[in-house]
Amino acid sequence: MGEMIKMVVVLSILSVISGGGLGYLEKKLKPIQEKQIMEKVKGPAVKDLLKDASNDPVADRFKIQDGDEELTIFVGAIDGKPKILVLESNASGYGGKLELLVGIDTEEEKLSGIRVTTHTETAGLGSNAKDDPSFAAQFEGKSLEKSVAVVPDNGEISAIGGATITSRAVCKAANQAIKKYKELKPKLLEELKKVSQ
Amino acid sequence: MAKPIYQEFTKGLWKEIPPFRLVLGLCPVLGVTTSVENGIGMGLATTFVLLCSNILVSLLRKVIPSKVRIACFIIIIATFVIVVEQVMKAFVYDLYNTLGVFIPLIVVNCVVLGRAEAFASKNGIFRSILDGLGIGIGFTLSLGALGLVREFLGKGTITVWGEPFFEGPIVNLVESMPSFVPFEFMVQAPGAFVALGLMLAVMNLIPSK
Amino acid sequence: MEYFEIIIAGIFVNNILLAQFLGNCPFLGTSKKMETAVGMSMAVVFVLVMAGVITWIIFHKILDPNKLVYLRTITFILVIASLVQFVEMFLKKSIPALYAGLGIFLPLITTNCAVMGACVINIDKELTFLQALVASFAYAVGFGLALILFAGVRERVLLARVPKPLQDTSIALVIAGVISLSFYAFQGMVQAVI
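The following paragraphs examine the structure supplied in this document. Predicted model, so just to flag it, every value in this text is computed and none were measured.

### Describing the overall build of chain C
Now for step 1: Counting secondary structure elements, chain C contains 9 helices and 0 strands.
Now for step 2: In sequence order, chain C lays out its α and β elements as α-α-α-α-α-α-α-α-α.
Now for step 3: Taking 16 Å as the expected radius of gyration for a compact globule of 194 residues, we find that chain C reaches 17 Å, a close match to that expectation.
Now for step 4: For chain C, the C-alpha atoms occupy an extent of roughly 60 × 45 × 30 Å along the three principal directions.
Now for step 5: Per-residue burial over chain C gives 55% buried out of 194 residues.
Now for step 6: Contacts in chain C between residues at least 24 apart in sequence constitute 80% of all its contacts with a sequence separation of at least 6.
Now for step 7: Carbon and sulfur atoms form 68% of the exposed surface of chain C, whose accessible area is close to 8,500 Å².
Now for step 8: Put simply, chain C has 12 plus and 9 minus side-chain charges, and the middle of one group is 10 Å from the middle of the other.

In structure tokens, the structure reads:
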């Protein structure tokens, strides 16, 4: 019996120390890890989306609280004037989660472009959402008034051949970002002003 | 324990060098040695876990009840593996991505658990540190050597830490000798087995003493 | 169709032993005799499918919602270790015949990277529950297939004259390379999520 108690005590003490220590470490390292992911994974996509920007959109990002969620928003300046906001969004595609960056031109109230960052779609079909620039290019300049949709859904975006579900998911994610933008517009524009200063 | 204490360190470098003399922990050996830097990176991560777990197991060897010792070892090892995972994710993100699944798998690397069970749980802390360091460095050297052979033959390059220390590969046969065609088989899956098997044969030619 | 693709990918294209290098210790350790190879394969199929399903549920229902993702490695290894213990006790009591066959292989499975590796891959590739279930099964069958093929060749090699330095593990690795090469022909056959 005494041995039994010792076993349980030793195991629980070890687990508690290990769990506590790891929790502490994770808290300390989280910001550094986020920065790494920002630079290595999202950075290139954001910069690609904001090719014409005169600033560093990754450096000029800010965070905003939306209910329980914290959104990260990248800012792009054209000729020194910050006016493009890049929002993150996601939707379920054919293979799983599909993540999207949506650029919104705040002055002209239109989409400045989209980029798929990560996806699990079928290679050669759905993966073209990321790999084929002509699909993403269709979103450029679309007005925010009307939600984007693929042609079969009475929209203007021609779906990727053989991957209607993926194309729909991209549209859905883009619409979500537009909705978020409209909801948070006052707050977002305020933050944007801060960046310009 | 009549052995001189320095031998606890040196045995890991030659006499019991994993995975050649001690045929354990083969998965990372085969999986990540497509280049020198991946091999060495994996080796160092394993060394860290091995050293820390050896120290802790040796310190706690009198407290841990023998019936649940394996469970305790696994908790200790897994904790340090997560430490390595988190630290690598924060500071060497590219390497973290390349090694991928093999980092969490250090936890089931037989070398680490094997040393905890066979050595650290029976020996004092000082000897355990030397043992951990020796075996760890031996493992790193093996991975580096296999990575060197495979990368040199398979890609014609030798890369030692691309960005932070050197710019690009330090040797590049493909550029300096256009007639060289890389033997790509070596960096692909089957080549890993063949390369390791042949290196083992070469090691067998040299007597262990 | 999607699940069929996962099965083909798991067994042949991305064979866990020959293409992903997971589980090599038992691969070399239990392949000297056909009998042990079959026993090990069965035990792996049994445990891997269960472990794949349980770790998926734990990750997506407990760790992920509570922001404890960083504890993944330690949780998974403990789940696998206790699962193996549990299966061992269950078989011993309920199905002694099966236990007699698999018993000695079960403890070895805890440190089999194929089991842990497959669980981690299921999470990393963001598979759905059903995909993870099918993928775990395919990986396990792929493991068994490679192990049994390998054991068949190795039994023959015992009768052959092998140069001295190449004996034992060394020639085994070269053979594994050749088998891996034959599996390499499947490369690009299907484009599955795993």
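Once the structure has been displayed, the description carries forward.
### Section: the interface of chain B and chain C
How big an interface is tends to be expressed through the accessible area that disappears when the partners come together.
Now for step 1: On the chain C side, the residues contacting the 36 residues of chain B number 37 residues.
Now for step 2: Between chain B and chain C, roughly 3,000 Å² of surface is buried when both sides are summed, and carbon and sulfur atoms account for 82% of that area.
Now for step 3: For the chain B face of the interface with chain C, the top three residues by lost area are Cys27, Val108 and Phe193 of chain B, together amounting to 22%.
Now for step 4: There are 1 salt bridge connecting chain B and chain C.

### Digging into unusual backbone geometry
Note on backbone geometry: most residues besides glycine have negative phi, and most peptide bonds are trans.
Residue and element names in this part refer to chain C.
Now for step 1: Although it is not a glycine, lysine 67 adopts a positive phi angle of roughly 55°.
Now for step 2: By the secondary structure assignment, lysine 67 is in the loop between helix H3 (34-63) and helix H4 (72-94).
Now for step 3: In the Ramachandran plot, aspartate 168 falls in the positive-phi region, its phi being about 60° despite a non-glycine side chain.
Now for step 4: The topology assignment puts aspartate 168 in the loop between helix H8 (129-157) and helix H9 (169-184).
Now for step 5: Here aspartate 168 falls in the partly exposed class, since its relative accessible area comes to 42%.

### Quick word on the interface of chain A and chain B
Now for step 1: Each side of the interface is counted separately: chain A has 18 residues, and chain B has 21 residues.
Now for step 2: At the boundary of chain A with chain B, total buried surface from both sides reaches about 1,800 Å², with 74% on carbon and sulfur atoms.
Now for step 3: Summed over the three residues of chain A that lose the most area to chain B, namely Leu14, Leu22 and Gln33 of chain A, the buried surface amounts to 26% of that side.
Now for step 4: Between chain A and chain B we count 0 salt bridges in total.

### Some details on the side chain of threonine 117 of chain A
Residues and elements named next belong to chain A.
Now for step 1: By the element assignment, threonine 117 lies in the loop between strand S5 (110-116) and helix H2 (128-131).
Now for step 2: According to the relative accessible area criterion, threonine 117 is buried, its value standing at 12%.
Now for step 3: Residue contacts for threonine 117: discarding those within four places in its chain leaves Ala45, Glu99, Leu100, Leu101 and Lys130.

### Examining the packing of aromatic side chains
Now for step 1: This structure, assessed with the given rule, holds 12 aromatic pairs over all chains.
Now for step 2: An angle of 85° between the planes, with centres 6.4 Å apart, marks the rings of phenylalanine 48 of chain B and phenylalanine 80 of chain B as edge-to-face. Within this pair, whereas phenylalanine 48 of chain B is found in helix H3 (residues 36-59), its partner phenylalanine 80 of chain B is found in helix H4 (residues 69-91), the two being separated by 32 residues in sequence.
Now for step 3: Taking 6.4 Å as the distance between ring centres and 75° as the angle between the ring planes, the aromatic pair formed by phenylalanine 59 of chain C and phenylalanine 76 of chain C counts as edge-to-face. With a gap of 17 residues between them, phenylalanine 59 of chain C in helix H3 and phenylalanine 76 of chain C in helix H4 connect regions that are remote in the sequence. An identical accessibility class is assigned to phenylalanine 59 of chain C and phenylalanine 76 of chain C; each is buried.
Now for step 4: Following the ring pairs from residue to residue traces out a cluster consisting of Phe193 of chain B together with Phe21, Phe27 and Phe150 of chain C.

### A look at the packing of H8 of chain C against H9 of chain C
Packed helix pairs are specified by the crossing angle of their axes together with the interaxial distance, meaning the distance between the axes.
Residue and element names in this part refer to chain C.
Now for step 1: Contact pair H8 / H9: the axes reach a minimum separation of 10 Å and the direction vectors enclose 135°. Accordingly, the angle class assigned to the pair H8 and H9 is oblique. For the pair H8 and H9, the sense of crossing is right-handed. Taken together, the residues of H9 that come into contact with H8 (itself represented by Leu145, Leu149, Phe150, Val153, Arg154 and Val157) are Ile171, Ala172, Ile175, Ala176, Ile179 and Phe183.

### A closer look at the side chain of glutamine 36 of chain A
Now for step 1: Positionally, glutamine 36 of chain A belongs in helix H1 (residues 2-49).
Now for step 2: Assessed through its relative accessible area of 13%, glutamine 36 of chain A is described here as buried.
Now for step 3: Beyond its immediate stretch of four places on either side in the chain, glutamine 36 of chain A contacts Val41 of chain A together with Lys89, Ala90, Phe91 and Tyr93 of chain B.

### Let's talk about the layout of surface pockets
Now for step 1: Estimated volume of the second largest pocket: approximately 750 Å³.
Now for step 2: Taken together, 30 residues make up the lining of the second largest pocket; nearest its centre are Leu113 of chain B together with Pro107, Leu108, Thr110 and Thr111 of chain C.
Now for step 3: Of all elements in the fold, only H4 and helix H6 (110-120) of chain B together with helix H2 (24-29), H4 and helix H6 (106-109) of chain C reach the threshold of two or more residues within the lining of the second largest pocket.
Now for step 4: Element by element, the count of residues in the lining of the second largest pocket is highest for H4 of chain C, at 8 residues.
Now for step 5: Broken down by class, the residue content of the lining of the second largest pocket amounts to 18 nonpolar, 8 polar and 4 charged.

Parameters at a glance
- Residues numbered from 1 in each chain as written.
- Chains lettered and ligands numbered in written order.
- Predicted model: local features only at pLDDT ≥ 70, side-chain atom pairs only at ≥ 80, totals over all residues.
- Heavy atoms only, no water.
- Helix = DSSP H or I, 4+ residues; strand = E, 2+ residues; numbered from the N terminus.
- Rg over C-alpha atoms; globule rule 2.2 N^0.38 Å.
- Buried < 20%, exposed > 50% of the residue type's maximum accessible area, 1.4 Å probe, protein only.
- Contact = heavy atoms within 4.5 Å.
- Areas by Shrake-Rupley, 256 points an atom, 1.4 Å probe, with all protein chains shown as cover.
- Lys, Arg positive; Asp, Glu negative; His and termini not counted.
- Charge placed at Lys NZ, Arg CZ, Asp CG, Glu CD.
- Buried area = accessible area lost by both parts, 1.4 Å probe.
- Salt bridge = Lys/Arg side-chain N within 4 Å of Asp/Glu carboxyl O.
- Phe/Tyr/Trp six-rings, centres within 6.5 Å; stacked < 30°, edge-to-face > 60°.
- Axes fitted to C-alpha atoms, helices over the stretch in contact; angles between N-to-C directions.
- Parallel < 35°, antiparallel > 145°, perpendicular 65-115°, else oblique.
- Left-handed = near helix turned anticlockwise from the far one by under 90°.
- 1 Å grid on protein atoms, 1.4 Å probe; cavity = no way out; pocket = protein on both sides within 12 Å on 5 of 7 lines; lining within 4 Å.
- Points joined across faces, edges and corners; volume = space filled by probe spheres on them.
- Nonpolar A, V, L, I, M, F, W, Y, C, P; charged D, E, K, R; others polar.

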